[in-house]
Amino acid sequence: MSHSRRRFLKTTAVAVAGASLFDFNELMAAPPLVRLDVGPLTAGSPALKSYAKAITAMQALPTTNPLSWAYQAAIHGTTLSGSHPAWNTCQHGTPYFWSWHRMYLYWFERIIRKMSNDPTFALPYWNYEASTERYLPVPFRDAASSLYTSHRGAGWNAGTSFLSSSAVATSGFMPVIPYFTAQGNCEGTPHGAVHVSIGGWMGSVPTAAQDPIFYLHHANIDRWWNLWLKQGGGRSNPLSDAAWKTTKFLFFDENGAQQWMTGCDVLRAALQLNYTYQGEGTQVNQYCLKVLPWWVFEKEWLIEWPPIKLPPGPDPGPIEINVREQRKRLLTVANDANTDVTLELEGVEADKQPSVFWEVYVGLPKGKAPSSESAHYVGNIALFGHGVRDEHQHGGFKPAEFSFKVDRALQNALAQDESGKLDLTFVARGAETKGGTRELVRNDANLSVGKARLAARRLKKT
Ligand code: C2O
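Right, let's walk through the structure included here. Numbers given for residues are sequential positions, taken from 1 along each chain in its written order. Local features are withheld for residues below a pLDDT of 70 in this predicted model, meaning they are given only at 70 or higher, and side-chain atom pairs are given and counted only at 80 or more; totals for whole chains, interfaces and linings count all residues. The side-chain values count all of the structure's non-hydrogen atoms but skip hydrogen atoms and water molecules.

As for the overall build of the protein chain
Let me state the cut-off plainly: Each helix is a run of DSSP H or I of at least 4 residues and each strand a run of E of at least 2, with the numbering of both proceeding from the N terminus. Partly exposed describes any residue whose relative accessible area lies between the buried limit of under 20% and the exposed limit of over 50%, with all areas from a 1.4 Å probe on protein chains only and scaled to the type maximum. Working rule for contacts: check all heavy atoms of both residues, and any pair within 4.5 Å makes them a contact. Reported accessibility uses the Shrake-Rupley method at a 1.4 Å probe radius. Residues are deemed covered only where the shown protein chains occlude them.
Across its full length, the protein chain holds twelve helices and 15 strands. Across the 462 residues that make up the protein chain, the buried fraction comes to 55%. Once local pairs closer than 6 in sequence are excluded, the contacts in the protein chain between residues at least 24 apart make up 74%. By element, 55% of the accessible surface of the protein chain is carried by carbon and sulfur atoms, the whole surface being about 19000 Å².

What to know about the state of the cysteines
Rule in force here: Cysteine sulfur atoms are paired as a disulfide whenever they come within 2.5 Å of each other.
By the definition in use, this model includes one disulfide. The disulfide partner of cysteine 264 is cysteine 288, and the gap between their sulfur atoms is 1.9 Å. Sign of the S-S torsion, about -95 degrees for the bond between cysteine 264 and cysteine 288, identifies this disulfide as left-handed. Of this pair, cysteine 264 sits in the loop between strand 4 (258-261) and helix 10 (269-273) while cysteine 288 is found in the loop between strand 5 (275-277) and strand 6 (295-305), placing the two residues 24 residues apart along the sequence. Each member of the pair, cysteine 264 as well as cysteine 288, carries the same accessibility label: buried.

Observations regarding the sheet that holds strand 11 (residues 377-381)
The criterion, for reference: Two strands are said to pair when DSSP picks up at least two bridges between them. Under this scheme, a helix contributes an axis fitted over its contacting stretch, all axes are lines through C-alpha atoms, and angles between N-to-C directions fall in the 0 to 180 degree range.
Spatially, 8-13-10-11 is the arrangement adopted by the four strands of the open sheet, whose pairing is antiparallel. In this open sheet, the two strands that pair with only one neighbour each are strand 8 (319-322) and strand 11. Direction aside, the axes of adjacent strands within the sheet are offset by 20 degrees on average. Alignment of strand 10 (residues 357-362) against strand 11, held across four bridges, turns out to be antiparallel. Its bridge partner being in strand 11, tyrosine 361 is matched across the sheet by tyrosine 377.

Observations concerning unusual backbone geometry
Residue proline 190 is reached from threonine 189 by a cis peptide bond, and omega for that bond is 10 degrees. Looking at where proline 190 falls in the secondary structure, it is placed in helix 6 (residues 179-198). Phi is positive for alanine 86, close to 75 degrees, though the residue is something other than glycine. Relative to the elements of secondary structure, alanine 86 occurs in the loop between helix 4 (69-76) and helix 5 (97-116). On the basis of relative accessibility, which here comes to 9%, the residue alanine 86 falls in the buried class. Positive phi, normally seen in glycine, also occurs at asparagine 117, with a value near 60 degrees.

Considering the packing of helix 3 (residues 46-59) against helix 5
Counted only if it meets this: In these notes the angle categories are as follows: under 35 degrees is roughly parallel, over 145 is roughly antiparallel, 65 to 115 is roughly perpendicular, and the rest is oblique. In the scheme used here, Gly and all other residues not listed as nonpolar or charged are polar, with Ala, Val, Leu, Ile, Met, Phe, Trp, Tyr, Cys and Pro taken as nonpolar and Asp, Glu, Lys and Arg as charged.
Close contact between helix 3 and helix 5 brings their axes to 8 Å; oriented N to C, the two are set at 85 degrees. As summarised for this structure, helix 3 and helix 5 are arranged roughly perpendicular, according to the angle between their axes. Seen from helix 3, the contacting residues are Ser50, Tyr51, Lys53, Ala54, Ala57 and Met58; seen from helix 5, they are Phe108, Ile111, Ile112, Met115 and Ser116. Taken together, the residues that form the contact of helix 3 with helix 5 break down as eight nonpolar, two polar and one charged.

What about empty space enclosed by the protein?
What counts is decided by this rule: Here a cavity denotes grid points, spaced 1 Å and computed from the protein atoms alone, that fit a 1.4 Å probe unable to get out, and a pocket denotes an open set having protein on both sides within 12 Å along at least 5 of 7 lines; residues with an atom within 4 Å of a point are the lining. Grid points are joined across faces, edges and corners, and a volume is the space filled by probe spheres set on the points.
Taken as a whole and judged by the stated rule, the model has two cavities of 30 Å³ or more. Estimates place the volume of the second largest cavity at around 60 Å³. Around the second largest cavity sit Arg102, Trp225, Asn226, Leu229, Asn237, Leu267, Arg268, Ala269, Gln283 and Val284, which together line it. Ranked by the residues each element gives to the lining of the second largest cavity, the list is headed by helix 8 (residues 213-230), at three residues. Considering only residue class, the lining of the second largest cavity consists of five nonpolar, three polar and two charged.

Digging into helix 5
Threshold: Here, expected helix span is obtained from the residue count minus one, scaled by 1.5 Å.
Along its 20 residues, helix 5 runs 28 Å from first to last C-alpha, staying within 8% of the 28 Å computed at 1.5 Å per residue. By the criterion of burial, helix 5 is predominantly enclosed, with 18 of the 20 residues buried. At the exit of helix 5 stands asparagine 117, carrying a positive phi of roughly 60 degrees.

Description of the packing of aromatic side chains
Working definition: an aromatic ring pair is given by the centre-to-centre distance plus the angle between the planes. Spelled out, the test is: Note on ring pairs: Phe, Tyr and Trp rings are taken, using the six-membered ring of Trp, and paired if centres are within 6.5 Å. Classes follow the plane angle, with under 30 degrees stacked, over 60 edge-to-face and the rest tilted.
Tallied over the full model, the rule gives 29 aromatic pairs. Between tyrosine 71 and phenylalanine 252 the ring centres are 5.4 Å apart and the planes differ by 85 degrees, which places this aromatic pair in the edge-to-face class. You can see tyrosine 71 sitting in helix 4 and its partner phenylalanine 252 sitting in strand 3 (residues 249-252), a full 181 residues away along the chain. For the ring pair tryptophan 98 and tryptophan 225, a centre distance of 5.8 Å and an interplane angle of 5 degrees mean the geometry is stacked. Taken together, the residues tryptophan 98 in helix 5 and tryptophan 225 in helix 8 connect sequence positions 127 residues apart. Residue tryptophan 98 shares its accessibility class with tryptophan 225, and that shared class is buried. Of the aromatic side chains, those joined through ring pairs into one cluster are Tyr51, Trp69, Trp100, Tyr104, Phe108, Phe121, Phe214, Tyr215 and Phe251.

Right, dumping it as structure tokens:
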């Protein structure tokens, strides 16, 4: 940014009553630090060296010190008893999933900078969408490093387990326009699907942030927030949602002092928080004072499956309904370019944290092996914290919801099948292992889906 532009910003922002600390950061900021793709990094790369050094220093501090590794992880979630400021405050299945985790990483990164004594440190991101980065990054598998933990699912530290392509798919949220739907779908996949695939500490909310890879996973989720927004086409942060903009969350800075933060403080990563991601290009800058048009959906319900229960054990067969009467209407909406047909799953809940995610298929032909490459694959049910009835759940229980675009699956199903039946199929998945065999994951959780319906949705600007 040029000097004159920065001065101009200074004049305007100072005139704004109630401008926050982060608006002022924006004026003073040095060039943003770059969060690097971890793929090409080695244990000797400065970012990973500093990260490992800080972790060691933080692990040596007592749990009650806000800069300790245990305290930082406990801000996300913990099984430790006792209560300390900001413990157990992570946001899952709420409007604040993307924003809270951005705030969390921001303060965490500042603490790493201090504890590593490396003022240039920026958290790398785990770019697992790249087919070359599906395995756990090598430096995290070295038992002698503080980046390592043994609390990971089978095969991860050995370098034999990897993320399946459906676990890291971004196709479930990138095309979605309304903020909260896109955020919710991203929270499921890749976010939740990656958590449960790695398992161990990462597989459960109260332990996840103890694994050093957690923060690289979340840097990637945070990067996708930017990339989602950058697509334009009506995508916007929820600038007309007062609660989203003003709800305050507590963190600690590198001096152990309490800091509160709101959604308005984290809209512009480079300008307010001083970081960008390698390869992301120009960021979209949104401002709380300037409210953009908000998009809503007009929804028409089409068909509904009976309530679904998936007990632990082998996948149940397809759940079918007869759509003979609705067939014509379904074909019309599936072929209408201005209308999206979506599978809306509501009241999705598990009685405990599942150790798998479920791929969802619409109209999969009988006897055909499910593959996430097929036209019938529409998305995943991946629960991580949200939708899980668990004794450690903080902030009250709420079932999860998912919304998957199914136009293509529906077109295919209706074209292939004259019987008038439409199947919904669920396939449990975990990590994959080398050699193509699927990791057999033990899942003890019961999953239920209260409502599974198809809707036709048309976009409308308010
Ligand atoms: Cu708050 Cu990935 O979890």
